[in-house]
Amino acid sequence: MNIVRRLHEAGLTSEQAYAAAFGSIGLSLVSWLASMKAEQAGVERADRWGIFVGEWAPTFFGLGLALAGYEKAAPASAKRSRSAWLDAPNEKAG
């Protein structure tokens, strides 16, 4: 949890990690299409580019889950209300 806490203190939120995961999925498709169009190396080379970028998504999703768990379980003094998704609807920042 030390790494997750440090990432949270550095300003990274679970929403940002999830956005990076979805972004890497989109970037995987774009890199695959660009490789197919720009390079003459064939489908195998395009597949390698798409898979390389696509493998980042599970890492970012896992990081998002870890950060979400930390955001939910962190003591009130450690929270800086970084996540709108995890804030209770009746809570107001004070």
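Being a predicted model, the structure only gives us computed values, none of them experimental. (Residues numbered from 1 in each chain as written. Predicted model: local features only at pLDDT ≥ 70, side-chain atom pairs only at ≥ 80, totals over all residues. Heavy atoms only, no water.)

J.: Where do I start with the packing of aromatic side chains in this structure?
T.: Each aromatic ring pair is specified by the distance between its two centres and by the angle formed by the two planes. Taken as a whole and assessed by the stated rule, the structure comprises two aromatic pairs. Aromatic side chains Y18 and F61 sit 6.3 Å apart centroid to centroid with 40 degrees between the ring planes, which places their arrangement in the tilted category. On the criterion of sequence distance, the pair formed by Y18 in helix α2 (residues 14-38) and F61 in helix α4 (residues 56-73) is long-range, its members being 43 residues apart. Judged by its relative accessible area of 25%, Y18 is partly exposed. A residue is classified by how much of its surface remains accessible, and F61, at 26% relative accessible area, is partly exposed. Ring-pair connections join several aromatic residues into one group, and the members of that group are Y18, F22 and F61. (Phe/Tyr/Trp six-rings, centres within 6.5 Å; stacked < 30°, edge-to-face > 60°. Helix = DSSP H or I, 4+ residues; strand = E, 2+ residues; numbered from the N terminus. Buried < 20%, exposed > 50% of the residue type's maximum accessible area, 1.4 Å probe, protein only.)

J.: Looking at this model, I keep getting lost on the nonpolar core. Mind explaining?
T.: Side chains of nonpolar character tend, in soluble globular proteins, to be buried together. Of all hydrophobic cores here, the largest spans five residues; its members are V4, A17, L67, Y70 and A74. Once residues lying within four places of it in the same chain are set aside, the contact partners of V4 are A66, L67 and Y70. (Core = buried A, V, L, I, M, F, W, Y, C linked by side-chain atoms within 4.5 Å. Contact = heavy atoms within 4.5 Å.)

J.: Before we go on, may I ask you to explain the pattern of salt bridges in this structure?
T.: Pairs may arise between side chains of opposite charge once their charged atoms sit close together. Evaluation of the coordinates by the stated rule reveals one salt bridge. Salt-bridge contacts for R5 lead to E9; the nearest nitrogen and oxygen are separated by 3.8 Å. Taken together, the residues span about one helical turn, with R5 and E9 both in helix α1 (residues 2-9) at a distance of four residues. (Salt bridge = Lys/Arg side-chain N within 4 Å of Asp/Glu carboxyl O.)

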